[in-house]
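Residues per chain, in single letters:
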Amino acid sequence: MAENRQSLDRLTAFSDGVFAIASTVLVLQITVPGLGDHTSGARLRSELAGQSGQFLSYAATFVVIAAFWQQHRRLFRLAVRHDEWAARLNSAFLLLIAFLPFPSALVGRYGTNTTAVVFFDLSVIAVGCVFVVLLLRLHFAGHLGGRLPPAYRDWIMVRTLSVCGVLAASAAVALVSPSAATYLWLAIPLVLVGVNLRYRSVIRRAAVAQDDPPG
């Protein structure tokens with residue numbers, strides 16, 4: 001049985017809370033260097049340089065979580081109701097979002113380890129796959145009330161699958177060079193911008209229709 005708007009608002013509020021906590025917890029993976037000589041700037045710079053992997057994994061994961069939050073927000077702005085299956089899929093999606101700080105911390109510490117890099121990539125790909133299934137469930141169950149133009153749906157799916165594509169490439173490269181694979185994550189913001197440019201007319205029309213500036 002379809003839930004009413006109040007229940008949908010509760011679902012989105014809970015989702016926003018999970019996103020906020022997951023993105024905040026990320027910074028806890030970055031440890032403050034311990035120095036014997038607190039006045040040594042050279043030693044501190046050296047320690048910070050040694051934590052570059054942690055900074056990279058933090059930034060990459062934050063961008064990924066922010067991108068999924070934007071997609072989730074856009075999707076549920078279009079929704080008029082949901083059902084139990086949609087709620088379960090959303091819970092599975094949030095479970096994976098909340099889990100991301102762990103693979104992020106793992107790869108931040110062991111960035112030259114193939115298993116750590118592949119584990120991170122597959123974790124984010126799993127998030128993307130579940131989100132696509134959630135989108136399709138809402139769409140084909142009629143919970144979007146006919147408010148999702150095909151081109152707008154394509155834009156959301158292409159953004160999500162593009163991120164997964166970059167991470168799949170990273171996982172493949174990690175089998176040869178884990179360090180090189182992590183630098184592929186820098187392509188994620190570029191890919192998102194490129195997809196936005198490709199669908200800019202769709203985004204503009206949707207923004208006008210929903211009074212929601214594209215982000």
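Residues numbered from 1 in each chain as written. Predicted model: local features only at pLDDT ≥ 70, side-chain atom pairs only at ≥ 80, totals over all residues. Heavy atoms only, no water.

Caption draft 1: Local environment of the overall build of the protein. Helix and strand counts for the protein come out as 10 helices and zero strands. Here the protein, with 215 residues, has 44% of them falling under the buried criterion. Counting contacts in the protein only where the partners sit at least 6 residues apart, residues at least 24 apart contribute 79% of the total. (Helix = DSSP H or I, 4+ residues; strand = E, 2+ residues; numbered from the N terminus. Buried < 20%, exposed > 50% of the residue type's maximum accessible area, 1.4 Å probe, protein only. Contact = heavy atoms within 4.5 Å.)

Caption draft 2: Representation of the UniProt feature "transmembrane region" (unreviewed entry) in the protein. Mapped onto this numbering, the UniProt entry annotates "transmembrane region" (unreviewed entry) at residues 12-32, 52-69, 89-110, 116-136, 156-176 and 182-199. Across residues 116-136, helical content stands at 100% and strand content at 0%; the span's end C-alpha atoms are separated by 31 Å. The annotated region residues 156-176 carries 90% helix and 0% strand content, and the separation between its end C-alpha atoms amounts to 32 Å. (UniProt positions renumbered as here; feature names shortened; annotations may be inferred.)

Caption draft 3: How the structure looks around the packing of helix H5 (residues 101-109) against helix H6 (residues 114-140). Contact geometry for H5 and H6: axes closest at 9 Å, N-to-C directions at 155°. Relative to H6, the element H5 is oriented roughly antiparallel. Every pair of crossing elements has a handedness; the one defined by H5 and H6 is left-handed. Residues Phe102, Pro103, Ser104, Leu106 and Val107 of H5 touch H6, and the partners they reach there are Ala116, Val117, Phe119, Phe120 and Ser123. Along the lines of polarity and charge, the residues of the contact of H5 with H6 split into eight nonpolar, two polar and no charged. (Axes fitted to C-alpha atoms, helices over the stretch in contact; angles between N-to-C directions. Parallel < 35°, antiparallel > 145°, perpendicular 65-115°, else oblique. Left-handed = near helix turned anticlockwise from the far one by under 90°. Nonpolar A, V, L, I, M, F, W, Y, C, P; charged D, E, K, R; others polar.)

Caption draft 4: Layout of the pattern of salt bridges. Per the stated rule, a full pass over the model turns up one salt bridge. We note a salt bridge from Arg137 to Asp83, for which the minimum N-O separation is 2.4 Å. With Arg137 in helix H6 and Asp83 in the loop between helix H3 (52-78) and helix H4 (84-99), this residue pair connects regions lying 54 residues apart in the sequence. Looking at Arg137, the relative accessible area reads 30%, which means it is partly exposed. (Salt bridge = Lys/Arg side-chain N within 4 Å of Asp/Glu carboxyl O.)

Caption draft 5: Local environment of H5. When H5 is considered as a whole, its buried residues turn out to be Pro101, Pro103, Ser104, Val107 and Gly108. Down the axis, H5 shows its buried residues gathered within 165° of arc, on one side only. (Arc of directions from axis to C-beta.)

Caption draft 6: The arrangement of a nonpolar patch on the surface in detail. Together, Ile21, Val25, Val27 and Leu28 make up an exposed nonpolar region whose accessible area comes to about 370 Å². Looking at the secondary structure, you find Leu28 in the loop between helix H1 (5-25) and helix H2 (41-50). (Patch = residues over 30% accessible without salt bridge, like charges linked within 9 Å, V, L, I, M, F, W, Y side chains within 5 Å. Areas by Shrake-Rupley, 256 points an atom, 1.4 Å probe, with all protein chains shown as cover.)

Caption draft 7: Molecular detail of the packing of aromatic side chains. Applying the stated criterion across every chain yields a total of nine aromatic pairs. Aromatic side chains Phe93 and Phe131 sit 5.4 Å apart centroid to centroid with 45° between the ring planes, which places their arrangement in the tilted category. Residue Phe93 is found in helix H4, and its partner Phe131 is found in helix H6; the two are separated by 38 residues along the sequence. The same class applies to Phe93 and to Phe131, which are both buried. Chaining the aromatic ring pairs together yields one cluster made of Phe19, Phe68, Phe93 and Phe131. Against the face of Trp69 rests Arg73, its NZ or CZ located 5.4 Å from the ring centre. The lysine or arginine in question, Arg198, covers the ring of Tyr199, its NZ or CZ lying 5.2 Å from the ring centre. (Phe/Tyr/Trp six-rings, centres within 6.5 Å; stacked < 30°, edge-to-face > 60°. Lys NZ or Arg CZ within 6 Å of the ring centre and 35° of its normal.)

Caption draft 8: Examining the confidence of the model for the protein more closely. When pLDDT is averaged along the protein, the result is 83, and 84% of the positions lie at 70 or above. Within the protein, the element-level pLDDT minimum falls on helix H10 (residues 200-210), averaging 65, and the maximum on H4, averaging 94. Counted against residues more than four places away or in other chains, residues 211-215, with its pLDDT under 50, gives 11 contacts. (pLDDT = per-residue confidence, 0-100.)

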